[in-house]
Amino acid sequence: MQTPFSFLEPSLGTELYLSRVLNEHAQLSKLIDMEMITPWLQRRNLDLPNEFGSHDVERGDLYRKERESFPMSRPNIQKLVEVIETDNPKIVYDLIGGNGHLATIRQSMSEQLGDSPLFITSDAEHSQIMSAVQKQLPAIRQPAQDTIFLSGSADAVFFAYGTHHIPVVDRPGCWREAHRILKKGGRVVVQDFENESSTAKWYSEVIHKWSLSGHDYDHFNQSEMVTDLSQCGFVDVSSCQIDDSFVVRGKTKDLALADGIKHICTLFGLVKLMPEVDSTASWLKVLDLLSDYFVIPSAMSANTIASEIKVTQVSDEVFEAIFPRVSIVATGVK
Ligand SMILES: C[S@@+](CC[C@H](N)C(=O)[O-])C[C@H]1O[C@@H](n2cnc3c(N)ncnc32)[C@H](O)[C@@H]1O
């Protein structure tokens, strides 16, 4: 039987989607606007260009595997989560949530941050949502600019780690959709990287050249982020920068560096750059290339963030390699 829900996750089929997602996650079903489904299906556009699938030229499988085996530096994620949870939200939508990585990391932070709010993972890509559903997370497949969430249903909505994948022309629609689905007083958070920064160049010069899918996206300008959110109706809009460095540990200085390089190259799907032999020495040969991009201007680093790739010894047989990056984060209130 085909019901509208089949289209929310085609490969699951109605029965499985309903039983796994809506029955197991009853709270999610209460957040969906049933009356919107029919018109939504008529205008639905899930065929967005995407590289996070599981086909040969896509990098989704590598990305998901690598992210799970090397969670991002927890202090960085914690800073982002603290912005998202400024007002102690109960319901949070991750609108480009991939396979729910942020939801999973947040669940593991309850000791430091208290119990996690209900994170709903939403993403346009089929493989990402399949993976989230398999992890038992409440997840739904839909474009961020056109969701079927109830108006005024979330306490916080965020776009993080991949916001540049949303075409510039679609971005105001995403912020307006965030505004629609937030409760009054709810918070939007947008994280990405500054145009022209070394990180933006890493994406446009290195990932674009050495991955199979290419990476031709515009990043953001911090002051424009603030203006754009204000123009979409948000108030108390502000922005900040957060340390978003990759931090990888190893038993020796070379192992920490080589594991970090391997992690970064695999995460970003740089298959055309991967050495033929998977050895410490081979990965270290790629260090020079990374050194041009994992570098922070001293004015920005202000002594709190490493300004270039460095390794420090943390204790006996524990070395920490830091590959510096800085995120820009804008936030506003409905
Ligand atoms: C780099 S991935 C990051 C996923 C997730 N934020 C994470 O941290 O793992 C970017 C994600 O954005 C999703 N995406 C891109 N454009 C989108 C859109 N318009 N609506 C919903 N998802 C979108 C892609 O499908 C992809 O899963």
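Note: the structure precedes this text.
Residues numbered from 1 in each chain as written. Predicted model: local features only at pLDDT ≥ 70, side-chain atom pairs only at ≥ 80, totals over all residues.

Caption draft 1: Geometry of the overall build of the protein. The helix and strand inventory of the protein stands at 16 helices and 10 strands. Here the contacts in the protein between residues at least 6 apart in sequence split such that 74% fall between residues at least 24 apart. (Helix = DSSP H or I, 4+ residues; strand = E, 2+ residues; numbered from the N terminus. Contact = placed C-beta atoms within 7 Å.)

Caption draft 2: Quick peek at helix α10 (residues 171-181). Buried residues of α10: Arg171, Cys174, Trp175, Glu177, Ala178 and Ile181, and no others. Taken around the axis of α10, the buried residues stretch over an arc of 160 degrees, which confines them to a single face. (Buried ≥ 20, exposed ≤ 12 C-beta atoms within 10 Å, placed from the backbone. Arc of directions from axis to C-beta.)

Caption draft 3: The environment of Val189, seen in detail. Its location among the elements puts Val189 in strand β5 (residues 182-192). Among the residues examined, Val189 registers 22 C-beta atoms within 10 Å and is labelled buried. For the pair Val189 and Val157, spaced 32 residues apart in sequence, the C-alpha to C-alpha distance is 6.4 Å. Setting aside anything within four residues of it in sequence, one finds Val189 in contact with Val83, Ile84, Ala156, Phe158, Val329 and Thr331.

Caption draft 4: Main features of the site of the ligand. The environment of the ligand is made up of 22 residues, and the closest members are Gly98, Ala124, Glu125, Tyr161 and Gly162. Split by residue class, the shell around the ligand holds 10 nonpolar, eight polar and four charged. (Near = placed C-beta within 6 Å. Nonpolar A, V, L, I, M, F, W, Y, C, P; charged D, E, K, R; others polar.)

Caption draft 5: How the structure looks around the sheet that holds strand β1 (residues 91-94). The strand order β3-β2-β1-β4-β5-β10-β6 describes an open sheet built from seven strands, whose pairing is mixed. Edge strands, defined here as strands with exactly one partner in the open sheet, are β3 (139-141) and β6 (235-243). Sheet twist, expressed as the average angle between the axes of neighbouring strands with direction ignored, equals 20 degrees. Direction of pairing for β5 relative to strand β10 (residues 326-333): antiparallel, over a ladder of six bridges. (Pairing = 2+ DSSP bridges. Axes fitted to C-alpha atoms, helices over the stretch in contact; angles between N-to-C directions.)

Caption draft 6: Structural view of the sheet that holds strand β9 (residues 318-323). Spatially, three strands are ordered β7-β9-β8 in an open sheet, and the strand pairing comes out antiparallel. Every other strand in the sheet has two partners, leaving β7 (246-250) and β8 (310-315) as the edge strands with one partner each. With direction set aside, neighbouring strand axes in the sheet form an average angle of 25 degrees. Direction of pairing for β7 relative to β9: antiparallel, over a ladder of five bridges. Residue Val248 lies in a different strand from β9, and its bridge partner there is Ala321. Helix α13 (residues 253-267) rests against β7, β8 and β9 of the sheet, and its axis sits at about 135 degrees to β7.

Caption draft 7: Quick look at the nonpolar core. One finds Tyr93, Ala154, Val157, Phe159, Ala178 and Val188 to be the most contacted residues of the largest nonpolar core, which totals 51 residues. Per-element accounting of this core gives the leading share, five residues, to strand β4 (residues 154-159). Discounting chain neighbours no more than four positions away, the residues touching Ala178 are Leu95, Val157 and Val188. Phe52, Val248, Val311 and Ile322 belong to the second-largest nonpolar core, a separate cluster that totals 26 residues. (Core = buried A, V, L, I, M, F, W, Y, C linked by C-beta atoms within 7 Å.)

Caption draft 8: Just the pairing of β5, in detail. In terms of burial, β5 is largely enclosed, as eight of its 11 residues are buried. Looking at chain direction, β4 and β5 are connected through five bridges and run parallel. Counterpart to Ala154 in the pairing with β5 is Leu182. This β-α-β element, β4 to α10 to β5, shows right-handed connectivity. (Right-handed = clockwise from strand over helix to strand, strands pointing away.)

Caption draft 9: Focus on unusual backbone geometry. One non-glycine residue, Gln136, lies in the positive phi region at around 65 degrees. For Gln136, the location among the structural elements is in the loop between α9 (126-134) and β3. Accessibility expressed as a C-beta count within 10 Å gives 12 for Gln136, which makes it exposed. Notably, Tyr161 is not glycine yet its phi reads approximately 55 degrees, a positive angle. Counting through the fold element by element, Tyr161 comes out in the loop between β4 and α10.

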